[in-house]
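Examination of the molecular architecture
Listed here are the chains, written in short residue letters.
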Amino acid sequence: MVPVVKSSPRFDRLDLWRGCAMVWMAGFHFSFDLNQFRYIAPQNFYGDPFWTTQRLCIVSMFLLGAGAGQAVAVDAGQTWRRFWRRWAQVAGCAVLVSIGSYIMFPRGWISFGVLHGVAVMLILLRLLGSRLPPARLARSPFALAGVALAAIVAWRLPHLVSDPFFDSRLTNWVGLVTHLPATEDYVPVLPWLGTMLAGYLAASVLLVHTRAAFTGPVPSVVRPLAVLGRWPLSFYMIHQPVLIGSLELLRMIFK
């Protein structure tokens, strides 16, 4: 008799977190697209704190969720083979983003955006997880302090150390730049690794000490967001083509 392997339960609250980030991101990008098509009053998405703060929050939500998701995967016993399969999807989509952005923004194309950053940082978190899985991390005060310190160092290091060597497209992925590059998206390893470490750390503690609070159900009114949050990569890849295509169609109709 062949044993039946039950699929692992969904973490609806983590999916809800992702879903909220995805909707916020879509709203932000739709506003950006409206500005590009000149359907709204001109906006400065690169300097206005109203927009730059939103971008900071959206990226932070995504990377906290990615860190937490890696903790869940390690805790569930995800194999390296499955990890690399998922990683290949993220890395492949990052390449497509670079190609698409070069077509649309040849001067500010994305060489190291959020997907590129996630691809690199996922490897670093997986290596951490192989040494400090959630069960071990959450029960060791020294390990907790060490990971928390690493996150703080990652956050602070770009503000303390910089060098022109890191200003080129070949090296700015590290994050120790003297000035921000001219690109439509830029999510370097430093300081953003600190955010993913924070997500991994928080999820590890919740999984061990308050698992029910982390794995519990979500209210039915927000369940659609949790369902949406199960497909972050697919949503990320299709939402902008759909939004831009719709606005382009609208412009053709009312031209």
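Residues numbered from 1 in each chain as written. Predicted model: local features only at pLDDT ≥ 70, side-chain atom pairs only at ≥ 80, totals over all residues. Heavy atoms only, no water.

Here we look at the environment of Pro-241
The following threshold applies: The helix count covers DSSP runs of H or I at least four residues long, the strand count covers runs of E at least two residues long, and both are numbered beginning at the N terminus. Buried residues are those whose accessible area, probed at 1.4 Å on protein chains only, stays under 20% of the maximum for their type, while exposed residues exceed 50% and partly exposed ones sit between those limits.
For Pro-241, the position within the fold is in helix H10 (residues 232–253). With relative accessibility at 52%, the residue Pro-241 sits in the exposed group. Separated by 141 residues in sequence, Pro-241 and Gly-100 place their C-alpha atoms 9.9 Å apart.

Let's talk about the packing of aromatic side chains
Test applied: The criterion for an aromatic pair is that two Phe, Tyr or Trp rings (for Trp, the six-membered ring) have centres within 6.5 Å, with stacked assigned to planes under 30 degrees apart, edge-to-face to planes over 60 apart and tilted to the rest.
Going through the model one piece at a time under the given rule, you end up with 15 aromatic pairs. A ring pair is formed by Phe-50 and Trp-51, whose centres lie 4.8 Å apart and whose planes are at 80 degrees; its orientation type is edge-to-face. Assessed through its relative accessible area of 52%, Phe-50 is described here as exposed. Between Tyr-102 and Trp-109, the aromatic rings sit 6.0 Å apart at their centres with planes inclined by 80 degrees, giving edge-to-face as the arrangement. When its relative accessible area of 25% is taken as the criterion, Trp-109 is described as partly exposed. Put simply, the rings of Phe-28, Phe-32, Phe-45, Tyr-46, Phe-50 and Trp-51 touch in pairs and so form one group of aromatic residues.

Regarding unusual backbone geometry
Where the residue is not glycine, phi is negative for most of them; where a peptide bond is considered, it is trans in most cases. Residue Pro-191 is bonded to the preceding Leu-190 through a cis peptide linkage, with omega at 15 degrees. Inspection of the secondary structure puts Pro-191 in helix H7 (residues 189–209). Positive phi values are uncommon outside glycine, yet Arg-38 reaches one of about 60 degrees. Mapped onto the elements of the fold, Arg-38 is located in the loop between helix H1 (12–36) and helix H2 (49–75).

Some thoughts on the confidence of the model for the protein
Definition in use: On a range of 0 to 100, pLDDT expresses the predictor's confidence in each residue. Whether two residues are in contact is decided by their heavy atoms: any pair within 4.5 Å suffices.
Across the protein, the average pLDDT comes to 93, with 96% of residues at or above 70. Contacts of residues 1–8 to residues separated by more than four positions or lying in other chains number 0 contacts, the stretch itself having pLDDT below 50.

Focus on H7
For the record, the criterion: A helix is expected to reach a length of 1.5 Å times the quantity of its residues less one.
In a regular helix each residue adds 1.5 Å, so 21 residues correspond to 30 Å; H7 covers 29 Å between its end C-alpha atoms and thus fits that length. Of all 21 residues in H7, 15 are buried, a share of seventy percent or more.

Description of helix H3 (residues 80–104)
Between its terminal C-alpha atoms H3 stretches 36 Å, which fits the 36 Å expected from 25 residues at 1.5 Å a residue. Buried residues along H3 sit in contact with H2, helix H4 (114–131) and H10.

Focus on the packing of helix H6 (residues 141–160) against H7
A pair of packed helices can be characterised by two numbers: the angle between their axes and the separation between those axes. Note the cut-off: Axes here mean lines fitted to C-alpha atoms, for a helix over just the part in contact, with angles spanning 0 to 180 degrees between N-to-C directions. By definition in this entry, angles of less than 35 degrees are roughly parallel, angles greater than 145 are roughly antiparallel, angles of 65 to 115 are roughly perpendicular, and the rest are oblique. Two helices crossing with the near one rotated counterclockwise from the far one by less than a right angle form a left-handed crossing, whereas a clockwise rotation gives a right-handed crossing. In this classification, the charged set is Asp, Glu, Lys and Arg, the nonpolar set is Ala, Val, Leu, Ile, Met, Phe, Trp, Tyr, Cys and Pro, and all remaining amino acids, among them Gly, are polar.
Put simply, H6 and H7 touch, their axes get as near as 7 Å, and they point 155 degrees apart. Taken together, the axis directions place H6 and H7 in an arrangement best described as roughly antiparallel. Relative to H7, H6 is oriented so that their crossing is left-handed. Contacts between H6 and H7 pair Leu-144, Val-147, Ala-148, Ala-150, Ala-151, Ala-154, Trp-155, Leu-157 and Pro-158 from the former with Leu-190, Pro-191, Leu-193, Gly-194, Thr-195, Leu-197, Ala-198, Leu-201 and Val-205 from the latter. Its residues assigned to classes, the contact of H6 with H7 shows 16 nonpolar, 2 polar and no charged.

Let's talk about the side chain of Asp-12
Filter applied, for reference: Throughout this description, a polar contact denotes any pair of N or O atoms lying within 3.5 Å of each other; where both atoms belong to protein, one of them has to be capable of donating a hydrogen while the other can accept it, and for residues adjacent in sequence the pair is counted only when both atoms sit in side chains.
On the secondary structure map, Asp-12 appears in helix H1. Of the polar contacts made by the side chain of Asp-12, one reaches the side chain of Arg-223; its length is 2.9 Å. Those residues in contact with Asp-12, other than ones at most four positions away along the chain, are Gly-216, Val-218, Arg-223, Ala-226 and Arg-230.

Structural notes on the nonpolar core
Quick note on the threshold: Grouping buried Ala, Val, Leu, Ile, Met, Phe, Trp, Tyr and Cys residues that are joined through side-chain atoms within 4.5 Å yields what is termed a nonpolar core.
In terms of nonpolar packing, the biggest core is built from 55 residues, with Leu-63 and Leu-115 touching the most fellow members. Those elements giving two or more residues to this core turn out to be H1, H2, H3, H4, H6, H7 and H10. Tallying contributions element by element places H2 first for this core, with 11 residues. In contact with Leu-63, other than residues within four places in its own chain, are Val-114, Val-118, Met-121, Val-187, Trp-192, Thr-195 and Met-196. Counting residues in each nonpolar core, the second largest holds 7 residues, with Ala-154, Phe-166, Val-177 and Leu-190 among its members.

As for the pattern of salt bridges
Note the threshold: Each reported salt bridge corresponds to a side-chain nitrogen of Lys or Arg within 4 Å of a carboxyl oxygen of Asp or Glu.
In this structure the tally under the stated criterion is 7 salt bridges. Close ionic contact of Asp-185 with Arg-55 constitutes a salt bridge, the shortest N to O distance being 2.8 Å. Separated by 130 residues along the polypeptide, Asp-185 in the loop between H6 and H7 and Arg-55 in helix H2 bring together distant segments of the chain. Residue Asp-75 pairs with Arg-211 through a salt bridge whose shortest N-O separation is 3.2 Å. A residue pair is termed long-range when its members are at least 10 positions apart, and Asp-75 in helix H2 and Arg-211 in helix H8 (residues 211–215) qualify at 136 residues. Since its relative accessible area comes to 36%, Arg-211 is described here as partly exposed. Linked by salt bridges that have partners in common, Asp-12, Asp-15, Arg-18, Arg-223 and Arg-230 make up one network.

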